[in-house]
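Working through the structure, step by step
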Amino acid sequence: MAAKKATVALVDLDRAQESLKAAQLCLREGLVNSAASRAYYAMFQAAQVALAVEGFPRQEWSHPGLQAAFATELIHRRKMYPAVLRDYLASGLRVRLAADYEPEGVSRKTAQRLVRRGASFVAAVEEKGHHGPTSE
């Protein structure tokens, strides 16, 4: 069962990596709003994987629900991830909303920052994901 969960998580992590790559490509092409949006979704998808691997799988997460579960369970209780990742998710959502819905969108600098944060977030989950669920 644990092997199946790990396999599913790695497949899902592929989606987060794809979103991150799309963010990087968009940034390179000057599509800053799309880059910011995809970078946030890379973090959102990676956080879903991290939660699933640790025994909190869901078919569907709200953005606030996922942020709360990731912060509470994986940062505060289990201390698996640094607290800065909580902030990356929260600020990433605000940036994504501006990129997707605000008339002025986001600046290139803001998109670049979010893409870097997305890469750090996905890398952190990828590193933990290779070890499978914790055995506490």
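Heads up: the structure comes first, above all this text.
Residues numbered from 1 in each chain as written. Predicted model: local features only at pLDDT ≥ 70, side-chain atom pairs only at ≥ 80, totals over all residues. Heavy atoms only, no water.

**Observations regarding the nonpolar core**
Where a protein is soluble and globular, its nonpolar side chains tend to be buried together. Judged by nonpolar contacts, the single largest core of 43 residues is most densely connected at F70, Y81, L89, F121 and V125. Elements that contribute at least two residues to this core include exactly α1 (2-28), α2 (32-53), α3 (63-77), α4 (84-101) and α5 (108-129). Per-element accounting of this core gives the leading share, 14 residues, to α2. (Core = buried A, V, L, I, M, F, W, Y, C linked by side-chain atoms within 4.5 Å. Buried < 20%, exposed > 50% of the residue type's maximum accessible area, 1.4 Å probe, protein only. Helix = DSSP H or I, 4+ residues; strand = E, 2+ residues; numbered from the N terminus.)

**Digging into the packing of α4 against α5**
Packing of α4 against α5 brings their axes to within 10 Å, and their N-to-C directions diverge by 140°. By the criterion of interaxial angle, the relationship of α4 to α5 is oblique. Our pair here, α4 against α5, has a crossing hand that is left-handed. Contacts from L85, Y88, L89, S91, G92 and V95 in α4 reach T110, L114, R117, S120, F121 and A124 in α5. Tallied by class, the residues present in the contact of α4 with α5 amount to 7 nonpolar, 4 polar and 1 charged. (Axes fitted to C-alpha atoms, helices over the stretch in contact; angles between N-to-C directions. Parallel < 35°, antiparallel > 145°, perpendicular 65-115°, else oblique. Left-handed = near helix turned anticlockwise from the far one by under 90°. Contact = heavy atoms within 4.5 Å. Nonpolar A, V, L, I, M, F, W, Y, C, P; charged D, E, K, R; others polar.)

**So, the pattern of salt bridges**
This model, assessed by the stated rule, comprises 4 salt bridges. One salt bridge in this structure joins R77 and E73, with 2.5 Å as the shortest N-O distance. One end of the pair is R77 and the other is E73, both in helix α3 and 4 residues apart, which spans about a single turn. We classify E73 as buried; its relative accessible area is 15%. The closest approach of N and O atoms between D100 and R96, which form a salt bridge, is 3.0 Å. (Salt bridge = Lys/Arg side-chain N within 4 Å of Asp/Glu carboxyl O.)

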